[in-house]
Amino acid sequence: MFTFFKISVYTAVVAFFILSLITLSDVFIHSNQLRFYVLTVIAAVIFFAIAFTGIIIYKNFKNIYEYISKDNEQNLAKGSIRKLLIIFGLIAIAITLFTCSLCMGLLERMNSGTALFG
């Protein structure tokens, strides 16, 4: 169960890092007004912060899972944490699919010569 959660969260974090880099690369590709540059950089920083938050969430769940796995008396907690890992893993897969489709849309927009903002 933990490997499913681990893989799904890693893919979501990588997708957000890629989205951040794609958004940031728009600043260097297109010439635009300064306020649109600032908006693009702010959007890239927000995506980067979301990815970093995903890493923190993963580490917290990893610590909780390891702590509960060590103790033999907490069978109810083990079942609850497994259900939480499944739910958050499925949420991470949905976020990954949405983020990847957003990345593909941004790449298509950049290929057509249109800036992200402006």
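Remember, predicted model here, so these are calculated numbers, not experimental data.

K.L.:
Please give an account of the packing of aromatic side chains that cites residues and values.
P.N.:
Taken as a whole and assessed by the stated rule, the structure comprises nine aromatic pairs. A connected cluster of aromatic rings, assembled from ring pairs, spans F2, F5, Y10, Y58, F61, Y65 and F88.

K.L.:
How would you summarise the nonpolar core if you had to cite specific residues and measurements?
P.N.:
If you look at the biggest cluster of nonpolar residues, it comprises 20 residues, and the most contacted ones within it are F5, V9, L19 and L85. At the level of secondary structure, the elements contributing two or more residues to this core comprise α1 (2-29), α2 (34-70) and α3 (75-111). With eight residues, α1 is the largest single contributor of residues to this core. Those residues in contact with F5 that lie beyond four places of it in its chain are Y58, F61, L85, F88 and G89.

K.L.:
Help me get a handle on the packing of α1 against α2, residues and values and all.
P.N.:
In contact at an axis separation of 8 Å, α1 and α2 are set at 165° when each is read in the N-to-C sense. The angle between α1 and α2 falls in the class roughly antiparallel. Judged by the twist between their axes, the crossing of α1 over α2 is left-handed. Grouping the amino acids of the contact of α1 with α2 by side-chain chemistry returns 22 nonpolar, four polar and three charged.

K.L.:
Help me get a handle on a nonpolar patch on the surface, residues and values and all.
P.N.:
Taken together, the side chains of M1, F4, I86, L90, I93 and L97 make up a nonpolar region of the molecular surface, amounting to roughly 520 Å² of accessible area. The element best represented in the nonpolar patch is α3, accounting for four residues. Within the element layout of this structure, I93 appears in helix α3.

Cut-off values and rules
- Residues numbered from 1 in each chain as written.
- Predicted model: local features only at pLDDT ≥ 70, side-chain atom pairs only at ≥ 80, totals over all residues.
- Heavy atoms only, no water.
- Phe/Tyr/Trp six-rings, centres within 6.5 Å; stacked < 30°, edge-to-face > 60°.
- Core = buried A, V, L, I, M, F, W, Y, C linked by side-chain atoms within 4.5 Å.
- Buried < 20%, exposed > 50% of the residue type's maximum accessible area, 1.4 Å probe, protein only.
- Helix = DSSP H or I, 4+ residues; strand = E, 2+ residues; numbered from the N terminus.
- Contact = heavy atoms within 4.5 Å.
- Axes fitted to C-alpha atoms, helices over the stretch in contact; angles between N-to-C directions.
- Parallel < 35°, antiparallel > 145°, perpendicular 65-115°, else oblique.
- Left-handed = near helix turned anticlockwise from the far one by under 90°.
- Nonpolar A, V, L, I, M, F, W, Y, C, P; charged D, E, K, R; others polar.
- Patch = residues over 30% accessible without salt bridge, like charges linked within 9 Å, V, L, I, M, F, W, Y side chains within 5 Å.
- Areas by Shrake-Rupley, 256 points an atom, 1.4 Å probe, with all protein chains shown as cover.
- Salt bridge = Lys/Arg side-chain N within 4 Å of Asp/Glu carboxyl O.

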